[in-house]
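Summary of structural features
Each chain, letter by letter, is given below.
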Amino acid sequence: MTRTHWAAVTAVVLALLFAGAATVASAGGGSGPGSGGGTPTTASADAGFARDMSVHHQQAVEMSFIVRDRTQDEEVRRLAYDIANTQANQRGMMLGWLDLWGLPKISADAEPMEWMTAGPKDGASGHGGHSAGHAADDGADDGALMPGMATKSDLKRLGTLSGKQAEILYLQLMIIHHNGGIAMAKGCVEQCAVGVERDLAQGMVDAQASEVELMVDLLHKRGAEPRA
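In this report, we go over the structure that sits alongside the text. All chains use their own residue numbering, which begins from 1 and follows the written sequence. Predicted model: local features are reported for residues with pLDDT of at least 70 only, side-chain atom pairs are reported and counted for 80 or more only, and whole-chain, interface and lining totals are derived from all residues. To obtain the side-chain values, all non-hydrogen atoms of the structure were used and water was disregarded.

**Let's talk about the packing of helix H6 (residues 163-191) against helix H7 (residues 195-221)**
With axes taken as lines fitted to C-alpha atoms, and helix axes fitted only over the stretch in contact, angles between N-to-C directions fall between 0 and 180 degrees. Going along the chain from the N terminus, every DSSP run of H or I of four or more residues is numbered as a helix, and every run of E of two or more is numbered as a strand. In contact at an axis separation of 8 Å, H6 and H7 are set at 155 degrees when each is read in the N-to-C sense. Here H6 lies roughly antiparallel to H7, going by the angle between them. Relative to H7, H6 is oriented so that their crossing is left-handed. Side-chain classes follow a simple rule in which Ala, Val, Leu, Ile, Met, Phe, Trp, Tyr, Cys and Pro form the nonpolar group, Asp, Glu, Lys and Arg form the charged group, and the remainder, Gly included, forms the polar group. Broken down by class, the residue content of the contact of H6 with H7 amounts to 17 nonpolar, 6 polar and 4 charged. Note on angle classes: values under 35 degrees are labelled roughly parallel, values over 145 roughly antiparallel, values of 65 to 115 roughly perpendicular, and the remainder oblique. Crossings are sorted by hand: turned counterclockwise from the far helix by less than a right angle, the near helix makes the crossing left-handed, and turned clockwise it makes it right-handed.

**Here we look at H7**
In this model H7 runs 40 Å from its N-terminal to its C-terminal C-alpha over 27 residues, within 8% of the 39 Å that 1.5 Å per residue would give. Listed as buried for H7 are Glu197, Leu200, Ala201, Met204, Val205, Gln208, Glu211, Val212, Met215, Leu218 and Leu219. Summarising the contacts, the buried residues of H7 are in contact with helix H2 (45-68), helix H3 (74-100) and H6. Backbone geometry just after H7 places Gly223 at a positive phi near 70 degrees. To estimate how far a helix should extend, the number of its residues minus one is multiplied by 1.5 Å. Under the scheme applied here, a residue whose accessible area is under 20% of the maximum for its type counts as buried, over 50% as exposed, and between as partly exposed, the area being computed with a 1.4 Å probe on protein chains only. In this description, contact between two residues means that some pair of their heavy atoms is separated by no more than 4.5 Å.

**Some points on the packing of H2 against H7**
With their axes 11 Å apart at the nearest point, H2 and H7 run at an angle of 35 degrees to one another. In this structure, H2 crosses over H7, and the sense of that crossing is left-handed. In this structure, H2 contributes Asp46, Phe49, Ala50, Met53 and His57 to the contact, and H7 contributes Glu197, Ala201, Met204 and Gln208.

**A short note on the nonpolar core**
By convention a nonpolar core is built from buried Ala, Val, Leu, Ile, Met, Phe, Trp, Tyr and Cys residues, the set being connected through side-chain atoms within 4.5 Å. One finds Phe49, Met53, Met94, Leu98, Ala185 and Met204 to be the most contacted residues of the largest nonpolar core, which totals 27 residues. For this core, the secondary-structure elements that each account for two or more residues are H2, H3, H6 and H7.

**A word on the packing of aromatic side chains**
Paired rings are identified among Phe, Tyr and Trp, the last through its six-membered ring, by centres lying within 6.5 Å, and are further divided according to the angle between planes into stacked (under 30 degrees), edge-to-face (over 60) and tilted (the rest). Following the criterion strictly, the structure yields 2 aromatic pairs and no others. With centroids separated by 5.7 Å and ring planes inclined at 80 degrees, the aromatic side chains of Phe49 and Trp115 adopt a geometry described as edge-to-face. Within this pair, whereas Phe49 is found in helix H2, its partner Trp115 is found in the loop between H3 and helix H4 (128-139), the two being separated by 66 residues in sequence. For Phe49, a relative accessible area of 0% puts it in the buried group. What makes Trp115 buried here is its relative accessible area of 7%. Aromatic pair Trp97 and Trp101: ring centres 6.3 Å apart, planes at 25 degrees, arrangement stacked. Take Trp101: its relative accessible area is 6%, and that puts it in the buried class.

Everything listed here is a matter of geometry and, on its own, says nothing about what the molecule does.
Rendered as structure tokens:
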């Protein structure tokens, strides 16, 4: 059973690696945006989303690893594994695109979420930049720089809890985190020029909305509610 389990895990990892490589290649190939003269600039929504969502995803992976070690509940541990695995893979894709475009993974000249202030591609008024600015201002001293991100205090507290208490806090934090990620991904769907990046962002919106519903149910099973 152990060999079978590891063989299955290895197959999943290899599949994700091949999928990531294919997606990175498609982001830089062909004649559309993301190749040749259409390569995104460092100030573009495409680059900004890739940079900021990579940071956002990294925290989700971190929280998921914390709760994995703080509970023995298989339902929560499985959810945490799925989130960590999915978001680590997506983060690799986005960082790969930045490499492909010859752009920095960190931009010292850009504030977090600055790319959302430009509004949608069609020129309509967007709301992302306004809400993102409040998120950064409200929690900057405690490390919350983007929509939905947990503060340093939240992460520290999560690491001190165990069992049901850890599960509840993780689910509450991750619901907020996912909702913030959904808002960011919708911004990319509206503003990003690279087709495969818009597709990835739409996939994030759909998958994370589904996971939010699941996490609300898991909270209710534990007699708790999402944070306001």
